[in-house]
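# Coordinate inspection notes
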Amino acid sequence: MKMLTTQLTGLLQRIAGSQEEAVEDTARLLAQAAAGEGRVLLSGTGEMHGVVLNAIAGAEPFLKAAVLESPETPDQADRVWLFARSAADEKILQIARSLAERGIAFAAVGDVKKSEDNELSSLADAYIATGVTRGLLPDDDGGRVVQPHLFAALFIFSAVKLSYDEMLMDL
């Protein structure tokens with residue numbers, strides 16, 4: 001338990017230290033929709049759909065949030081926020097490509113840092129990396145276990161939501 005706590009604490013500190021500007025950029029992008037006539041449409045693949053559920057039905061819902069039904073749903077007033085365990089997730093990349101082609105602004109969360117090789121980060125208007133690329137703890141067979149993708153994404157969601165709510169209070 002102590003090793004897990006230490007590793008998770010380190011993960012959250014790395015995200016907070018390296019992604020602070022990206023969190024603000026994401027909040028600002030999403031607040032553009034809420035400040036106007038738009039909505040914030042969310043989509044997540046696999047376990048990352050948990051962030052979407054939290055945004056819509058959690059104890060503190062994300063203002064003006066809705067589930068992204070299809071890449072054709074948003075209009076220019078809307079903003080989209082995508083969550084993927086891997087930035088190479090083909091389903092999320094298809095959505096991202098469609099949104100980019102239509103000129104719909106969107107933010108994304110993926111595992112690896114922003115780079116030219118990271119297509120998702122290149123397509124997105126704002127991008128945040130979870131930094132979860134392998135398990136946090138060694139197992140008995142020399143592998144690694146505990147890949148807290150959803151945990152990291154919920155932390156990022158909460159950080160963005162704090163900034164987003166603050167921006168909307170100033171309107």
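Everything quoted here is computed from the prediction, not taken from an experiment.

## Quick word on the nonpolar core
Counting residues in each nonpolar core, the largest one holds 32 residues, and the members touching the most others are Phe62, Trp81, Phe83, Val160 and Tyr164. Secondary structure elements with two or more residues in this core: helix H1 (2-18), helix H2 (20-35), strand S1 (40-44), helix H3 (49-57), strand S3 (79-83), strand S4 (106-110), strand S5 (126-129) and helix H6 (149-169). Top element by residues in this core is H2. It accounts for 8 residues. The residues contacting phenylalanine 83, other than those within four sequence positions of it, are Leu42, Ser43, Gly44, Thr45, Met48, Val51, Ile92, Val109 and Ala153. In terms of nonpolar packing, the next biggest core, distinct from the first, is built from 18 residues, Leu68, Leu82, Leu93 and Ala108 among them.

## Examining the sheet that holds S3
The parallel open sheet is built from 5 strands, whose spatial order is S2-S1-S3-S4-S5. Looking at strand neighbours, the two that pair on one side only are strand S2 (65-67) and S5, the edges of this open sheet. On average, adjacent strands in this sheet sit at an angle of 20° to one another, irrespective of strand direction. Looking at chain direction, S1 and S2 are connected through 3 bridges and run parallel. Across the sheet, the residue bridging to leucine 42 is valine 67, located in S2. The sheet contacts of helix H4 (residues 90-102) involve S1, S3 and S4, and relative to S3 the element is tilted by about 160°.

Conventions and cut-offs
- Residues numbered from 1 in each chain as written.
- Predicted model: local features only at pLDDT ≥ 70, side-chain atom pairs only at ≥ 80, totals over all residues.
- Heavy atoms only, no water.
- Core = buried A, V, L, I, M, F, W, Y, C linked by side-chain atoms within 4.5 Å.
- Buried < 20%, exposed > 50% of the residue type's maximum accessible area, 1.4 Å probe, protein only.
- Helix = DSSP H or I, 4+ residues; strand = E, 2+ residues; numbered from the N terminus.
- Contact = heavy atoms within 4.5 Å.
- Pairing = 2+ DSSP bridges.
- Axes fitted to C-alpha atoms, helices over the stretch in contact; angles between N-to-C directions.

All we've got here are geometric facts, nothing functional implied.
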